[in-house]
Amino acid sequence: MIKPGQPPQCFSRPSVLSSLSLSNPPPSQKKDKKKMSSPILSGAKILQTLPINSNAGGSASDPPKPLSDPLLLLKSKSSLFRSSPKLRRFSSYSPCRSFSSSSSSSSAVFAVSSDVVKEEKKKPKLSTSVSDLLITKEEALELYEDMVLGRAFEDMCAQMYYRGKMFGFVHLYNGQEAVSTGFIKLLKKEDCVVSTYRDHVHALSKGVPARAVISELFGKTTGCCRGQGGSMHMFSSDHNLLGGFAFIGEGIPVATGAAFTSKYRREVLKKADYNSVTLAFFGDGTCNNGQFFECLNMAALWKLPIVFVVENNLWAIGMSHLRATSDPEIWKKGPAFGMPGVHVDGMDVLKVREVAREAISRARRGDGPTLVECETYRFRGHSLADPDELRDPAEKARYAARDPITALKKYILDKKLGTEAELKAIEKRIDEVVEDAVEFADESPLPPRSQLLENVFADPKGFGIGPDGKYRCEDPKFTEGTAHV
Amino acid sequence: MAAIFQGIGTTASLSTSNSFDSKRFQFPSRRSYLSERKGNLFVMRSEGRIIGGSKGRGTSPLVTSAVASKAESSSTSTASKPGHELLLFEALREGLEEEMIRDPTVCVMGEDVGHYGGSYKVTKGLAEKYGDLRVLDTPIAENSFTGMAIGAAMTGLRPVVEGMNMGFLLLAFNQISNNCGMLHYTSGGQFKIPVVIRGPGGVGRQLGAEHSQRLESYFQSIPGIQMVACSTPYNAKGLMKAAIRSENPVILFEHVLLYNLKERIPDEEYVLSLEEAEMVRPGEHVTILTYSRMRYHVMQAAKTLVNKGYDPEVIDIRSLKPFDLYTIGNSVKKTHRVLIVEECMRTGGIGASLTAAINENFHDYLDAPIVCLSSQDVPTPYAGTLEEWTVVQPAQIVTAVEQLCR
């Protein structure tokens, strides 16, 4: 029972990058296996999470998904839970994995650890260690570079803000890089990402060039949104970054829609190889918002290929998660809607990556959504305007000790995946990238007046017909931006 | 009298029908008018327009028929082709289905649109033909499924969202305002949102306050959306098709009481313009601007007015945002008097915006202040008699025209 004001034990465990164990799964997980087969159709509340069918070649045992008639999938009017036949199948045969991270007897939370490591035996091994390597050298350096880029970029943003190069609300991601890198680096180009106002690093991880992001922050016309969006509205159609939303919760339905399109393309438009996945990132505060729950319901109902990623940094501006939420364990809310809920240490990029890999492949297979709660922390205030006086310095220190970048660096060096020199080279390269981006943004032009009325409508006929009978957009003042609409 | 005539004779551009073309005025017909108006002075500007004074009964011959003549701007006339007869909700369905056949990315989302066929039968039969995913029965979560439609539109689909009653879309206001309207702009033009949001609104038969709301006034300020209101089976089908084909987000307002209107519409395909208004009945004395159900109250009042000797010009504005200022402007320039009849609330409704727009653009052409008849600023009561008094009735329209044309 978590007492208000006191962080629960599970949120303050030390970094475990170095403590991955190869032991058998703890006994309580075995117990879960039996509990998994409890009947679902009887209307009993699903207390345990569903095990994720995670066999590497797992799709062989799935029944062929009917591609033709969507009516067949959803026709049974009698069952309470539309997807219940599939739930039953999961519970009876799939191996119990660490994703079954709850049992009705204890409220202990299991981060992904041992079982996952076992699965990685097929990865190429380096000379020193054997089966506890989760990643290859290339992957490790890629992750490191991405996290360093995120950190360096955000630090530069803070500098630029205080120098008066950007204005408004700027929300920085320092400390949470493991979540963005851990998830987004597993995506394909056609996969979509939806974020919140804390979106710079999601944009960078997804591949939006640093130049485009910083230009957008400076309000220049070379920004990814032509300077019209700003810090909280990063969009990129090339990289399938669907935003950047200022109101919390508002992006989750948009992400659900992108996932819906993926399913629609596959099943209605019959593009059988189309299986893009959408990731929706949002915070702990959003998990008390109606849109969150409504979308969990719809995504699970229609088995949409989406992963809901909660970046639980414990604070919504000045509101502690524990003061705002009746049951602070957000991952538990997944099973209530019929999807697995997973809790993972969000300061540990390798753990996040393994959970992400599973959740994304689950969605890609067509098995439906997953709710992943990443325990993480933001080192800076909510925004650059936040004095950040409410948070306990001891709490901040505790999390600073679990800095994801430091942890990955240590892991790389310990496992001899890279040398100090290589890491330094990466850091230097990133510094140059960020400096170059700032220079580019500084030199870029501000939007001209003529840009004012562009892009309000995709079809500018929407401005209507003026008194002279011509469409307003044909008025030459329109292109100058001085027309009165 | 002779002196005045002489004075008038020197100006070139005065005509009997009060529109200032360069026709010289016809002396004989003017005489009868002037003899009635002996006591009035009318001031003439150098351009020959008459301001002040009052126009009364026109001098052009009385229009014998007050029935709406459907003079559409860009469509075939229904009189010559056989066509087929149907009800308004069937016309909507026909338009929707034709677009679904034409473009496989067009899909429908809403509560009870699938198996139930739509609470007003607009989507009846579509789920059986096109499947549960293409005609999607959503849970009762307006904000989220509207947002879902927006996300789907951004990624390549063309959803048609049905609000079971327009009032329910108040719950979707966040998504409609922030995402639907603004996303194209804040993304710098990278994503387009070709959604159609449609549903029945307006005051019905004793449906109570919450089911009788007029949401057009709440949505009109949102930048980046277009709003249209249909009123006949012909324009319902045409506007539905145009809205689906449009790259912009369009909100299509239907009316609960108009779903069973019957009309003969053409067999061949037609698409109407989203930005144009519809000339329902040309006239000379007064411009009556209206939309949706009030069009029928106006036409009913027009019958009475014609019998009393007035010649109203009735325009169904159809496009609530943006206004078709060309059609409206031409009419104002012809009649110089404007009456707006709408079902929106008095405060901040479509009529209020239209009044401002006309005043701003056509002030010089007005001979009288614009009169706007709107619903009372009250929640719609349940009792039938009270409900009747909250909306504009034909008798009020007749009175207003009479006052305006005095």
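Residues numbered from 1 in each chain as written. Chains lettered and ligands numbered in written order. Predicted model: local features only at pLDDT ≥ 70, side-chain atom pairs only at ≥ 80, totals over all residues. Heavy atoms only, no water.

Visitor: Looking at this model, I keep getting lost on the overall build of chain B. Mind explaining?
Guide: Within chain B one finds 14 helices and 16 strands. Taking all 406 residues of chain B together, 62% fall into the buried category. If you sum the accessible surface of chain B, you get close to 15,000 Å²; carbon and sulfur atoms cover 55% of it. (Helix = DSSP H or I, 4+ residues; strand = E, 2+ residues; numbered from the N terminus. Buried < 20%, exposed > 50% of the residue type's maximum accessible area, 1.4 Å probe, protein only. Areas by Shrake-Rupley, 256 points an atom, 1.4 Å probe, with all protein chains shown as cover.)

Visitor: Please clarify how the overall build of chain A should be interpreted in this entry.
Guide: In terms of regular secondary structure, chain A is built from 17 helices and seven strands. Out of the 485 residues belonging to chain A, those deemed buried represent 58%. In chain A, the share of contacts with a sequence separation of at least 24, taken over all contacts with a separation of at least 6, comes to 75%. A total accessible area of about 19,300 Å² is found for chain A, and carbon and sulfur atoms account for 57% of it. (Contact = heavy atoms within 4.5 Å.)

Visitor: Whenever I open this one, unusual backbone geometry confuses me. Can you help?
Guide: For residues other than glycine, phi is negative in most cases, and the peptide bonds are mostly trans. Of the consecutive residues A:Gly243 and A:Gly244, the connecting peptide bond is found in the cis state with omega at 20°. Mapped onto the fold, A:Gly244 is located in the loop between α8 (210–218) and α9 (251–267). Across the junction of B:Lys321 and B:Pro322, the peptide omega takes the value 5°, indicating a cis bond. For B:Pro322, the location among the structural elements is in the loop between β14 (319–321) and α11 (325–335). A positive phi is found at A:Lys270, a non-glycine position, where the angle reads about 60°. In this structure, A:Asp388 takes a positive phi of about 60° despite not being glycine.

Visitor: Could you clarify how one ought to interpret the UniProt feature "domain: Transketolase-like pyrimidine-binding" (unreviewed entry) in chain B in this entry?
Guide: The positions UniProt marks with the feature "domain: Transketolase-like pyrimidine-binding" (unreviewed entry) are residues 86–261 of chain B. Helix makes up 36% of residues 86–261 of chain B and strand makes up 18%, while its end C-alpha atoms are separated by 8 Å. (UniProt positions renumbered as here; feature names shortened; annotations may be inferred.)

Visitor: Just to check I follow, could you spell out the packing of helix α5 (residues 137–162) of chain A against helix α6 (residues 177–184) of chain A for this structure?
Guide: Each pair of packed helices can be summarised by the angle the axes make with each other and by the distance between the axes. Residue and element names in this part refer to chain A. Taken N-terminus to C-terminus, the directions of α5 and α6 make an angle of 135°; their axes are 9 Å apart at the nearest point. Judged on the interaxial angle alone, α6 and α5 are oblique. By crossing handedness, the relation of α5 to α6 is classed as right-handed. Contact residues: Leu143, Asp146, Met147, Gly150 and Arg151 in α5; Glu177, Ala178 and Thr181 in α6. Partitioning the contact of α5 with α6 into residue classes produces three nonpolar, two polar and three charged. (Axes fitted to C-alpha atoms, helices over the stretch in contact; angles between N-to-C directions. Parallel < 35°, antiparallel > 145°, perpendicular 65-115°, else oblique. Left-handed = near helix turned anticlockwise from the far one by under 90°. Nonpolar A, V, L, I, M, F, W, Y, C, P; charged D, E, K, R; others polar.)

Visitor: I tried to follow the UniProt feature "coiled-coil region" (unreviewed entry) in chain A on my own but got confused; where do I start?
Guide: Using the residue numbers shown here, the UniProt feature "coiled-coil region" (unreviewed entry) corresponds to residues 416–443 of chain A. The span residues 416–443 of chain A shows a helical share of 86% and a strand share of 0%, and its end C-alpha atoms are spaced 42 Å apart.

Visitor: Before we go on, may I ask you to explain the UniProt feature "domain: Dehydrogenase E1 component" (unreviewed entry) in chain A in this structure?
Guide: Following the UniProt record, the feature "domain: Dehydrogenase E1 component" (unreviewed entry) maps to residues 146–447 of chain A here. When the span residues 146–447 of chain A is considered, its composition is 46% helix and 10% strand, and the gap between its end C-alpha atoms is 30 Å.

Visitor: In this structure, what is going on with the sheet that holds strand β5 (residues 135–137) of chain B? I would like to understand it.
Guide: Residues and elements named next belong to chain B. Read across the sheet, seven strands follow the order β5-β4-β6-β7-β9-β8-β14 without closing on themselves; strand pairing throughout is mixed. Of all strands in the sheet, those with a lone pairing partner are β5 and β14, marking the two edges. Sheet twist, expressed as the mean angle between neighbouring strand axes with direction ignored, is 20°. (Pairing = 2+ DSSP bridges.)

Visitor: Would you explain the interface of chain B and chain A in this entry?
Guide: A common way to state how big an interface is: give the accessible area lost once the parts meet. Opposite the 58 residues of chain B that make contact, chain A presents 59 residues. Here chain B packs against chain A, burying approximately 4,600 Å² in sum over the two surfaces, 64% of which is carbon and sulfur. Taken together, chain B and chain A are joined by zero salt bridges. For the side of chain B that touches chain A, the secondary-structure elements that each account for two or more residues are β4 (106–110), β5, α5 (142–154), α6 (173–181), α7 (183–186), α11 and α12 (350–362) of chain B. Among the elements that take part in the side of chain B that touches chain A, α5(B) stands out by supplying eight residues, more than any other. When its residues are assigned to classes, the side of chain B that touches chain A shows 23 nonpolar, 26 polar and nine charged. (Buried area = accessible area lost by both parts, 1.4 Å probe. Salt bridge = Lys/Arg side-chain N within 4 Å of Asp/Glu carboxyl O.)

Visitor: Any chance you could explain the packing of aromatic side chains here in plain terms?
Guide: How two aromatic rings sit relative to each other is given by the distance of their centres and the angle of their planes. Counting across every chain of the model gives 16 aromatic pairs over all chains. When the ring of A:Phe235 is compared with that of A:Phe245, the centres are 6.1 Å apart and the planes differ by 75°; the resulting orientation is edge-to-face. Of this pair, A:Phe235 sits in the loop between α8 and α9 while A:Phe245 sits in the loop between α8 and α9, and the two are 10 residues apart along the sequence. Look at B:Phe362 and B:Tyr365: their rings are 6.5 Å apart centre to centre, the planes differ by 55°, and that puts the pair in the tilted class. Residue classification places B:Phe362 among the buried residues on the basis of a relative accessible area of 1%. Exposure remark for B:Tyr365: the relative accessible area of 18% places this residue in the buried category. Ring pairing ties together the aromatic residues A:Phe282, A:Phe292, A:Phe293, A:Phe308 and A:Phe337, which thus form one cluster. (Phe/Tyr/Trp six-rings, centres within 6.5 Å; stacked < 30°, edge-to-face > 60°.)

Visitor: What should I look at first to understand the packing of α5(A) against helix α13 (residues 349–365) of chain A in this one?
Guide: Residues and elements named next belong to chain A. At a minimum axis separation of 12 Å, α5 and α13 run at an interaxial angle of 110°. Taken together, the axes of α5 and α13 are roughly perpendicular relative to one another. In contact with Glu139, Leu143 and Met147 of α5, α13 contributes Val349, Leu350 and Arg353.

Visitor: Quick question: what am I supposed to make of the sheet that holds strand β11 (residues 278–281) of chain B here?
Guide: Pairing between the strands of a sheet is mediated by backbone hydrogen bonds and can be parallel or antiparallel. Residue and element names in this part refer to chain B. Read from one edge of the open sheet, five strands run β11-β13-β12-β15-β16, paired in mixed fashion. If you trace the sheet from one side to the other, it starts and ends with β11 and β16 (371–375), each paired once. Between one strand axis and the next, the sheet turns through 25° on average, direction left out of account. As defined by bridge partners, strand β12 (residues 286–290) adjoins strand β13 (residues 312–316) across five bridges and the pair is classed as parallel. Paired with Leu289 across the bridge in β13 is Ile315. The strands touched by helix α10 (residues 294–307) within the sheet are β11, β12, β13 and β15 (338–345), with β13 carrying the most contacts at an inclination of about 170°. The sheet strands contacting helix α14 (residues 394–404) are β12, β15 and β16, and the helix crosses β15 at an angle near 150°.

Visitor: Sorry, what's going on with the pattern of salt bridges here?
Guide: Two side chains that carry opposite charge are able to pair once their charged atoms sit near each other. This model, assessed by the stated rule, comprises 49 salt bridges over all chains. Ionic pairing is found between A:Glu329 and A:Lys332, a salt bridge with its closest N-O pair at 3.1 Å. Overall, A:Glu329 belongs to the buried group, its relative accessible area being 6%. Among the ionic pairs, B:Arg337 bridges to B:Asp367, the shortest N-O distance being 3.9 Å. In this pair, B:Arg337 is assigned in the loop between α11 and β15 and B:Asp367 in the loop between α12 and β16, connecting sequence segments 30 residues apart.

Visitor: What's the story with the environment of A:Pro445 in this structure? I'm lost.
Guide: Residues and elements named next belong to chain A. Take Pro445: it is sitting in the loop between α16 (420–443) and α17 (476–480). By relative accessible area, Pro445 is classed as partly exposed at 47%. Spatially, the C-alpha atom of Pro445 lies 9.1 Å from that of Gly219, the residues being 226 residues apart in sequence. In this structure Pro445 touches Lys220, Thr221 and Thr222, once residues within four positions along its chain are discounted.

Visitor: Hey, could you run me through helix α15 (residues 404–414) of chain A in this one?
Guide: The periodicity of an α-helix, 3.6 residues per turn, causes residues three or four positions apart to be oriented the same way. Residue and element names in this part refer to chain A. Three or more residues of α15 are buried, namely Pro404, Ile405, Ala407, Leu408, Lys409, Tyr411 and Ile412. Looking at the packing, one finds that the buried side of α15 touches α5, α6, α13 and α16. Measuring from the side-chain oxygen of the N-cap residue of α15 to the backbone nitrogen of Ile405 gives 2.9 Å; that N-cap residue is Asp403. Directly beyond the C-terminal end of α15, a positive phi value near 55° is found at Lys416. (Polar contact = N/O pair within 3.5 Å; in protein donor to acceptor, adjacent residues only side chain to side chain.)

Visitor: Hey, could you run me through the confidence of the model for chain A in this one?
Guide: Atomic detail in the predicted coordinates should be set aside for any region of low pLDDT. In the predicted model, chain A carries a mean pLDDT of 80, and the fraction of residues at 70 or more is 72%. This model gives residues 1–131 of chain A a pLDDT under 50, and the stretch forms 209 contacts once residues within four places in sequence are excluded. (pLDDT = per-residue confidence, 0-100.)

Visitor: I would appreciate a short explanation of the side chain of A:Asp199 in the present structure.
Guide: All names here are of chain A. Structurally, the position occupied by Asp199 is in the loop between β1 (192–194) and α7 (200–206). Of the side chains with opposite charge, Arg198 comes closest to the buried, unpaired Asp199, at an N-O distance of 8.9 Å. Of note is the side chain of Asp199, whose polar atom sits 3.2 Å from the backbone nitrogen of Met234. Other than its neighbours up to four places away in sequence, Asp199 contacts Ser231, Met232, His233, Met234 and Gly244. (Lys, Arg positive; Asp, Glu negative; His and termini not counted.)

Visitor: How do you make sense of the confidence of the model for chain B when you look at a structure like this?
Guide: Here chain B shows a mean pLDDT of 85. Residues at 70 or above account for 80%. Note on residues 1–75 of chain B: pLDDT is under 50 here. Beyond four places in sequence and across chains, it has 111 contacts.

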